[in-house]
Amino acid sequence: MSERKNNGSMSTAAGILLIIAGIMALITWVVAGFLLGTVGLGLSMVPGAEGAATILIVCGVIGVILSILTLLGGISALQKKSWKFALAASIIGLFTIGFYFISSILSLIALILIAISKQEFYGEDSSYTEPATTGRVCPNCGRPIPMDAQVCPYCGKNFKE
Ligand SMILES: [Zn+2]
């Protein structure tokens, strides 16, 4: 039996936090973007105010894009796909200021969790000693695993399923 059952828990928590932050930020920015866009369109009717109108609309669009990136980063962290993308998304999340900075705070916690859970993404754990090669490899991650393993010690894949 595996003693490493909590494999990936930090990145999972970070992923959930980022998804919540991303959704919050997205709601905030869709509403804000709509308001900014409306004000922007109004301003664009005013001669000489086209510059300000463009800035307002661009701000709204950037906010929505940042929110979507944060959300995608959360999904990436849950799937442990790309550590760099999840890390970048949590940094981007800091600037989303959804629901008056709640999404920024969640992103900060996610950033810390992702930063310290790098090995969860790559399955690298220096404290774990490599078992003797048996010729059996995990069909999920391709790493050598003990002959009698029922759960992959690297990726947590359950072979009994
Ligand atoms: Zn595996």
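Here the structure is a predicted model, which is why all the values come from computation and not from measurement. (Residues numbered from 1 in each chain as written. Predicted model: local features only at pLDDT ≥ 70, side-chain atom pairs only at ≥ 80, totals over all residues.)

Q: I would appreciate a short explanation of unusual backbone geometry in the present structure.
A: Excluding glycine, most residues fall at negative phi; most peptide bonds, likewise, are trans. Positive phi, close to 55°, is recorded for Lys 80, a residue that is not glycine. With respect to the helices and strands, the residue Lys 80 is situated in the loop between helix H2 (50–79) and helix H3 (83–93). Among the residues examined, Lys 80 registers 19 C-beta atoms within 10 Å and is labelled partly exposed. (Helix = DSSP H or I, 4+ residues; strand = E, 2+ residues; numbered from the N terminus. Buried ≥ 20, exposed ≤ 12 C-beta atoms within 10 Å, placed from the backbone.)

Q: What should I look at first to understand H3 in this one?
A: One full turn of an α-helix is made of 3.6 residues, so residues set three or four places apart face in the same direction. Turning to H3, its buried residues are Ala 86, Leu 87, Ala 89, Ser 90, Ile 92 and Gly 93. Looking at the buried residues of H3, the elements they touch are helix H1 (9–45), H2 and helix H4 (102–116). (Contact = placed C-beta atoms within 7 Å.)

Q: Looking at this structure, I do not really get the packing of H3 against H4. What am I missing?
A: Contact geometry for H3 and H4: axes closest at 7 Å, N-to-C directions at 155°. The angle between the axes of H3 and H4 places the two elements in the roughly antiparallel class. Of the two elements, H3 crosses H4, and the hand of that crossing is left-handed. In this structure, H3 contributes Trp 83, Ala 86, Leu 87, Ser 90, Ile 91 and Gly 93 to the contact, and H4 contributes Ser 103, Ser 104, Ser 107, Ala 110, Leu 111, Ile 114 and Ala 115. Taken together, the residues of the contact of H3 with H4 break down into eight nonpolar, five polar and no charged. (Axes fitted to C-alpha atoms, helices over the stretch in contact; angles between N-to-C directions. Parallel < 35°, antiparallel > 145°, perpendicular 65-115°, else oblique. Left-handed = near helix turned anticlockwise from the far one by under 90°. Nonpolar A, V, L, I, M, F, W, Y, C, P; charged D, E, K, R; others polar.)

Q: Would you mind showing me how to read the packing of H1 against H2 here?
A: Axes are the key here: two packed helices are described by the angle between their axes and the distance separating the axes. For the pair H1 and H2, the least separation of the axes is 7 Å and the interaxial angle reads 165°. In terms of axis orientation, H1 runs roughly antiparallel to H2. At the point where H1 passes H2, the crossing takes the left-handed sense. For the contact of H1 with H2, the residue count by class is 27 nonpolar, 14 polar and one charged.

Q: Before we go on, may I ask you to explain the confidence of the model for the protein chain in this structure?
A: Detailed reading of predicted coordinates is not advised where the pLDDT is low. Across the protein chain, the average pLDDT comes to 83, with 88% of residues at or above 70. Long-range and interchain partners of residues 1–5, a stretch whose pLDDT sits below 50, account for three contacts in this model, where long-range means more than four residues apart. (pLDDT = per-residue confidence, 0-100.)

Q: Help me understand the environment of Lys 84, please; the structure alone is not making it clear to me.
A: Summarising the element assignment, Lys 84 is placed in helix H3. Taking C-alpha positions, Lys 84 is 9.5 Å from Ala 115, a pair spaced 31 residues apart along the chain.

Q: Even after reading the chapter, I still don't get the environment of Cys 141, so can you show me in this structure?
A: Relative to the elements of secondary structure, Cys 141 occurs in the segment after helix H5 (118–122). Taking the C-alpha atoms as reference points, Cys 141 and Gly 156, separated by 15 residues in sequence, lie 9.5 Å from one another.

Q: Is there a simple way to think about the nonpolar core in this case?
A: Counting 23 residues, the largest nonpolar core has Ala 14, Leu 17, Leu 18, Ala 21, Ala 25, Ala 110 and Ile 114 as the members making the most contacts within it. Within the residue set of this core, elements represented by two or more residues are H1, H2, H3 and H4. Ranked by the residues each element gives to this core, the list is headed by H1, at 10 residues. Residues in contact with Ala 14, not counting those within four places in the same chain, are Ala 77, Ala 110, Leu 113, Ile 114 and Ser 117. (Core = buried A, V, L, I, M, F, W, Y, C linked by C-beta atoms within 7 Å.)

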